[in-house]
Amino acid sequence: MWTVALLCCACAAYWLWSRKTRNTTEPPVLPGAWPIVGHALRFIGDSCHLWNKVNDMGNEIHDLGGVATFRLGPRSLYFLTDPDDSSTILNTCLEKDDIYEFGKPYLGEGLFTAKLSIWKNHRKLLNPAFNQSVLDTFMGVFNSQSRKLVRELEKEAGKGPFDHWAYIRLNALETLGLTSLGVDFTDLNLSTQYLEAVEIMLSTMIERFAKFWWHSPYTFAFSNLKRRQDASIKILHNTANTVLQKRKSELTGNVCSERSVIPGTKFKAFLDLVLELSAEKGAFNDREIREQVDTMIIGGHDTSANVLLFTMILLGSYPEAQDKAFAEIQEVLGDGDRDVEKTDLSKLVYLEAVLKESMRMFTIGPVMARKLDKDVKLKNYTLSAGMSCFFSLSAINKHPMWGPDVHEFKPERWLEPGRLPDKPFAFAAFSTGRRMCIGKSYALMSMKTTIAHVIRNYRITADHTKLKLKMDVMLKPVDGYYISIEKRT
Ligand code: HEM
């Protein structure tokens, strides 16, 4: 009896307090908050449940005008789905939210997780590594990796549905291994162990996010989750350290920094550029080099692989789009089997539209966050300094501004001027502002090359309506990625 009365008093006090402290320039609180736990109960469940809730929340916030507050235990956070307001914040506040601390045991102060004071200098130093002239030298690797994928897929041709995840992800990891580290992961037999460790690391991060009582490093330290995470981090760090030490000793022995890991290709790996910056400018110590390389590998391979996987499922589900892509590839590359050249890429306009539409439909990095280091005035509200701000990139990519066919796969919308929304931040897959994806051009170049090789060799069939999704930091299908392929004659 006393317990019930006390609980009622606590609820009434909380309600009065939240009304009193509500500032009218603050965005509205999402309905359904409970005292003490706020909206946290919504997120408890597996990664599939988490995705459904994040998706629902995106729709609710669209209806509330695109900006709202939600409560995770004692913390209040903003959540945005409005493209203009999101862009305003992403262009003014560059500090990552505390939630990125979950990734620091693995990625340290690498670009993705770095605090602003470190990030500013490092991003300036690393931007040249993603110049077009550097990326062009990777075309040999992109082609040879795509050909390898085509050869490996051959055993599945004509045999009905199979999960192409293992093929594509391993291939993307090897591509990143070659261009980031200059190392052939297949030679070192590292890939499978590395991929498993990455998978565990990502799933422990998302499990920690969903359970707010593990947000504090003090409670997390006693959890089994932390022990699982530590074991995978050990594998990941050992791999990067082994490669780093090997390469450093090669460079001291004056081994040329231009690699030819794959016969006929010459390029300078990201690791070598960072090692040079360290030697010339003392820019990075060994730990920082490892953190940057780890960041490029995780930021580059899982993302591109997931986009490729969804794209192949969509092409398999929309035969007309696949036929158009195939016709364009034949027109640009001819009937033979020549490599995709850098000059071909800009001519593959329909293929680029397919990739963008796929990223719009399945935004593989659906949510990201910033910490507000100043008050920010938006169209209708003023957000307060010190607060955390989450953005649903996936909801922006499905905003009603895309038109009544927003939920349909229509690559053609990218080719008709006037059919795209008239907003600079309508397409949100790579984020915006100075902290947007550094690897955008790399990703588009490598993905276009891969799809061109696959499509000119195989006809794909699939059914995207069967996809059930989950959020493991990235958006992924729950039950694998099934396609069937037939060899083209
Ligand atoms: C289709 C593939 C890709 C997608 C959709 C994608 C998406 C994104 C997004 C949304 C962000 C911002 C995240 C945030 O602020 O929390 C980001 C940042 C980043 N991405 Fe990508 N990415 C892709 C490929 C790549 C590749 C290939 C690389 C490297 C080779 C890469 C490296 C990075 C890095 C280092 C950051 C952090 C940038 C910074 O804070 O300065 N990404 N990416």
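Reading the values: rules and limits
- Residues numbered from 1 in each chain as written.
- Predicted model: local features only at pLDDT ≥ 70, side-chain atom pairs only at ≥ 80, totals over all residues.
- Heavy atoms only, no water.
- UniProt positions renumbered as here; feature names shortened; annotations may be inferred.
- Helix = DSSP H or I, 4+ residues; strand = E, 2+ residues; numbered from the N terminus.
- Contact = heavy atoms within 4.5 Å.
- Patch = residues over 30% accessible without salt bridge, like charges linked within 9 Å, V, L, I, M, F, W, Y side chains within 5 Å.
- Areas by Shrake-Rupley, 256 points an atom, 1.4 Å probe, with all protein chains shown as cover.
- Salt bridge = Lys/Arg side-chain N within 4 Å of Asp/Glu carboxyl O.
- Near = heavy atom within 4 Å.
- Polar contact = N/O pair within 3.5 Å; in protein donor to acceptor, adjacent residues only side chain to side chain.
- Nonpolar A, V, L, I, M, F, W, Y, C, P; charged D, E, K, R; others polar.
- Axes fitted to C-alpha atoms, helices over the stretch in contact; angles between N-to-C directions.
- Parallel < 35°, antiparallel > 145°, perpendicular 65-115°, else oblique.
- Buried < 20%, exposed > 50% of the residue type's maximum accessible area, 1.4 Å probe, protein only.

S.K.: Where do I start with the UniProt feature "binding site: heme" (unreviewed entry) in the protein chain in this structure?
M.R.: In the numbering used here, UniProt assigns the feature "binding site: heme" (unreviewed entry) to Cys437. Among the structural elements, Cys437 can be located in the loop between α19 (393–397) and α20 (440–457). The contacts of Cys437, once residues within four sequence positions are left out, are Arg123 and Phe430.

S.K.: How should a nonpolar patch on the surface be read in this particular structure?
M.R.: Residues Trp34, Leu41, Ile44 and Trp213 make up a contiguous nonpolar surface patch of about 430 Å² in total accessible area. Tracing the backbone shows Ile44 in the loop between α2 (40–43) and α3 (47–64).

S.K.: Help me understand the site of the ligand, please; the structure alone is not making it clear to me.
M.R.: Neighbouring the ligand are 29 residues, the closest being Tyr100, Trp119, Arg123, Arg435 and Cys437. Between the ligand and Leu111 there is a distance of 3.3 Å, counted from an oxygen atom to a backbone nitrogen or oxygen. In the model, an oxygen atom of the ligand is placed 3.1 Å from a nitrogen or oxygen of the Arg370 side chain. When contributions to the shell around the ligand are tallied by element, the ones reaching two or more residues are α6 (116–126), α15 (286–317), β4 (367–371) and α20. Considering every element that reaches the shell around the ligand, the biggest residue donor is α15, with 7 residues. When the residues that make up the shell around the ligand are grouped by side-chain class, the tally is 18 nonpolar, 7 polar and 4 charged.

S.K.: Just to check I follow, could you spell out the packing of α15 against helix α18 (residues 349–361) for this structure?
M.R.: Axis angle and axis distance: for two packed helices, these are the angle between their axes and the distance between the axes, and together they describe the pair. Close contact between α15 and α18 brings their axes to 9 Å; oriented N to C, the two are set at 105°. When the axis of α15 is compared with that of α18, the two are roughly perpendicular. Here Val307, Phe310, Thr311, Leu314 and Leu315 of α15 lie close against α18, whose contacting residues are Val354, Leu355, Ser358 and Met359. Here the residues of the contact of α15 with α18 are counted per class, giving 7 nonpolar, 2 polar and no charged.

S.K.: Hey, could you run me through the environment of Glu357 in this one?
M.R.: One can find Glu357 in helix α18. Look at Glu357 and you get buried, because its relative accessible area is 0%. Along the chain, Glu357 and Phe390 lie 33 residues apart, while their C-alpha atoms are 23 Å from each other. In this view, Glu357 contacts Glu408, Phe409, Lys410, Pro411, Arg413 and Trp414; residues no more than four positions away in its chain are not counted. A distance of 2.9 Å separates a polar atom in the side chain of Glu357 from a polar atom in the side chain of Trp414.

S.K.: Looking at this structure, I do not really get the side chain of His301. What am I missing?
M.R.: Tracing the backbone through its elements, the reader meets His301 in helix α15. The buried category is assigned to His301, whose relative accessible area is 0%. Residues in contact with His301, not counting those within four places in the same chain, are Arg169, Ala172, Leu173, Leu176, Leu195, Val198 and Met296.

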